[in-house]
Number of protein chains: 2
Amino acid sequence: MRIYYLSTNGKAAPWLAALREALPGAEVMEWQAGAPPGDHAVVWAPPQQFFDEQPQLRGIFNTGAGVDALLGRQLPPKAVLVRLEDAGMSVQMAEYVCHAVVRHFREFDRIEEDVAQRRWAYRRPNERDDFPVGVMGLGVLGTRVAQALAHFEFPVLGWSRSPREVPGVRCFSGGAGFDDFLRATRMLVCLLPLTPATENIMNRDTLGKLRPGGYVINVARGAHLVDEDLLALLDEGHLAGATLDVFRTEPLPPQHPFWQHPRISVTPHTSARTLRHETVAQIARKIQALERGESIAGVVDRLRGY
Amino acid sequence: MRIYYLSTNGKAAPWLAALREALPGAEVMEWQAGAPPGDHAVVWAPPQQFFDEQPQLRGIFNTGAGVDALLGRQLPPKAVLVRLEDAGMSVQMAEYVCHAVVRHFREFDRIEEDVAQRRWAYRRPNERDDFPVGVMGLGVLGTRVAQALAHFEFPVLGWSRSPREVPGVRCFSGGAGFDDFLRATRMLVCLLPLTPATENIMNRDTLGKLRPGGYVINVARGAHLVDEDLLALLDEGHLAGATLDVFRTEPLPPQHPFWQHPRISVTPHTSARTLRHETVAQIARKIQALERGESIAGVVDRLRGY
């Protein structure tokens, strides 16, 4: 069995070593043009040429949860496309989102400004019931985030394409439920997959429906958000702020207005990092299961896009 | 039944109104010198004169969890001293501590410095197993905090005077367990009651036993921490930082070195605020139970100090 590793993200050597250790019987190598036919591939954003040269591939394993970088590719006809599931990402996502929500709700950013001026200031506590958090996308990550928010006793709403039930979360679904979800939400968290149906889903119209003092947390993909609409709604005062980890162009271009906007917190796509150890272990288990003819979880429905 | 309210903290009018509404049969008033005998008192840091004039009091209800401000007082002989239990404080404490722990673990403060310079920087993720969090004090607040940290999959240790069991938390107790607890802890959270036995418990000796890169979060009382010892261990590099919400003198004096220390985050005693609605409801329930001759929870053992 031959397995190719190719990624635009970071160094190959430790990944190759980890895959070889996890799959002792396999030949694991970095792909180069003209290489012999392989069985499986472990990839992040590979070029079309790779798939053109490897039509016999049976498994394509993405090293991230979102497979949007692969949906525009012509993939080998028999290959299953497999997204990364959790692998230590959901707890990172939960702590990232809870940190952002708590920071805004408790006004820790303003307290830091007071403290920088040696001011011991009283701030009237906010009421938790005035800060309902709405999570868009109730997959593995979205569900984990919603549960962490519920643990902190925030009112939590969830929205997904098809109906879901999550304990402690008021769930909405489909186009019919979207308006009600938005109008009941003050802090909006995006954890949707990026597909043609979800691109630009956070725009003037939808963000305008959030409760006054709305807050946006985008930890999915930059293309979910219309940048200018967010800026306009912040200027108009309908939105109070945003925490953004993902952007249309990454790295975020130096001249982009998000960098130093007083009410936008930027992080460099760090909300949930791919952890090599967990990721290799999960992919190795799935390759072995496929080889035994078993079915595996996390296979992407290419029509649906996730 | 006559109930006195007296507090050095904030305005009396809304508290009097809320107590009157919750206890319609009672006469609720603010205490003044020479006032007639009362049955119960709802207090924060009252003067000794109050107790001297009211020897017949049967219940003294503290509007905070820590009763250290009352332990130096001569209290009426028949009165039970009752601390506030939870009343919306434990969830606030959990979110405060988790915010501080996650902020340090995920290096969000450093990311903010990068972003202020428009730098899209890569930071190698920390390993969660290298950041065990130790919670001192496993009462209502400490237990809630420990559980929230376990929810984020940190290794969590707990230490208390007498043995406790908390699911998901490695518990130590008493003098015999203290050293092992400290040596296994990297991020130390103090949620102890302030008593003669716990004063100055965070000092050069004990903080020196934390794992290298130790971090201190004090959300209990300022007198738990020896300020100069913390500063020395930060200077020496054994400790990486601290988040402090409580201080020996509050407000923190303008010239105090904590205000603008680059590795200390200061907040103005805001970690868990007394919420009037929840507090009044709890105290009213307990007064009614005492009047019916029932026993109540939260009665302070004055010898033990909490």
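Along each chain, numbering runs from 1 in the same order as the chain's sequence is written. Chains and ligands are labelled sequentially in the order written, the chains with letters from A and the ligands with numbers from 1. Two thresholds apply to this predicted model, a pLDDT of at least 70 for residue-level local features and 80 or more for giving and counting side-chain atom pairs, whereas whole-chain, interface and lining totals are computed over all residues. Excluding hydrogens and water, the side-chain values take into account all heavy atoms of the structure.

## Considerations on the pattern of salt bridges
By definition, a salt bridge exists where a carboxyl oxygen of Asp or Glu is found within 4 Å of a side-chain nitrogen of Lys or Arg. This structure, assessed with the given rule, holds 36 salt bridges over all chains. Residues A:Glu95 and B:Arg106 are paired through a salt bridge, measuring 3.0 Å at the closest nitrogen-oxygen approach. Of this pair, A:Glu95 sits in helix 4 (residues 89–105) while B:Arg106 is found in the loop between helix 4 (89–105) and helix 5 (108–116), placing the two residues in two different chains. As far as the burial class goes, A:Glu95 and B:Arg106 line up, both buried. Each of A:Arg103, A:Glu112, B:Arg103 and B:Glu112 takes part in salt bridges that share partners, so that together they form one network. For helices the rule is a DSSP run of H or I covering at least 4 residues; for strands it is a run of E covering at least 2, with both sets numbered from the N terminus onward. Per-residue accessibility, obtained with a 1.4 Å probe over protein chains only, is compared with the maximum for each type, and a residue is labelled buried under 20%, exposed over 50%, and partly exposed between these values.

## A few points about the interface of chain A and chain B
Contact between two residues is taken to exist if any of their heavy atoms lie within 4.5 Å; hydrogens are not considered. Each side of the interface is counted separately: chain A has 50 residues, and chain B has 50 residues. Computed with a 1.4 Å rolling probe, the buried area is the accessible surface lost when two parts are put together, summed over both parts. Between chain A and chain B, a total of about 4,300 Å² is buried, with carbon and sulfur atoms accounting for 60% of that surface. Summed over the three residues of chain A that lose the most area to chain B, namely A:Glu95, A:Arg118 and A:Trp120, the buried surface amounts to 20% of that side. Across the contact surface, chain A and chain B share eight salt bridges. Polar contact criterion, stated in full: a pair of N or O atoms within 3.5 Å, where within protein one must be able to donate a hydrogen and the other to accept it, and residues adjacent in sequence count only if both atoms are side-chain atoms. Where chain A packs against chain B, one counts 26 residue pairs in polar contact (both at pLDDT 80 or more). A total of ten residues in the side of chain A that touches chain B trace back to one element, the largest contributor, which is helix 4 of chain A. The nonpolar class holds Ala, Val, Leu, Ile, Met, Phe, Trp, Tyr, Cys and Pro. Asp, Glu, Lys and Arg form the charged class, and all remaining residues, Gly among them, are polar. Split by residue class, the side of chain A that touches chain B holds 26 nonpolar, eleven polar and 13 charged.

## Structural notes on the side chain of A:Thr243
Residue and element names in this part refer to chain A. Along the polypeptide, threonine 243 turns up in strand 11 (residues 239–244). The exposure class of threonine 243 is buried, given its relative accessible area of 7%. A distance of 2.8 Å separates the side chain of threonine 243 from the side chain of tyrosine 215, its partner in a polar contact. Discounting chain neighbours no more than four positions away, the residues touching threonine 243 are Tyr96, Ala100, Tyr215, Val216, Ile217, Asn218 and Ser265.

## Description of the relation of the copies chain A and chain B
A least-squares superposition brings the copies together, and it is based on the C-alpha atoms of residues with pLDDT no lower than 70 in both. Once chain A has been moved 0.0 Å along the axis and rotated by 180°, it coincides with chain B to within an RMSD of 0.0 Å. Interpreted geometrically, this transformation is the action of a two-fold axis. Considering only C-alpha atoms, the part of chain A nearest the rotation axis is A:His99, at 2.7 Å. When the interface residues of chain A are mapped onto chain B, 100% of them again fall at the interface, so both copies present the same face.

## Quick notes on the environment of A:Val299
Residue and element names in this part refer to chain A. Within the secondary structure, valine 299 is located in the segment after helix 10 (276–291). Valine 299 sits 246 residues away from glutamate 53 along the chain, and the two C-alpha atoms are 22 Å apart. Dropping the residues within four chain positions of it, valine 299 is found in contact with Val80, Leu81, Val82 and Arg83.

## Brief notes about helix 7 (residues 174–184) of chain A
Residues and elements named next belong to chain A. All buried positions along helix 7 are accounted for by Gly174, Gly177, Phe178, Phe181, Leu182 and Ala184. Projected onto a plane normal to the axis of helix 7, the buried residues spread over an arc of 155° and lie on a single side. Along helix 7, exposed side chains directed more than 90 degrees from the buried face belong to Gly175 and Ala176. Summarising the contacts, the buried residues of helix 7 are in contact with strand 6 (133–136), strand 7 (156–160), strand 8 (170–173), strand 9 (187–190) and helix 8 (204–207). To obtain the arc, one takes the directions from the helix axis to the C-beta atoms.

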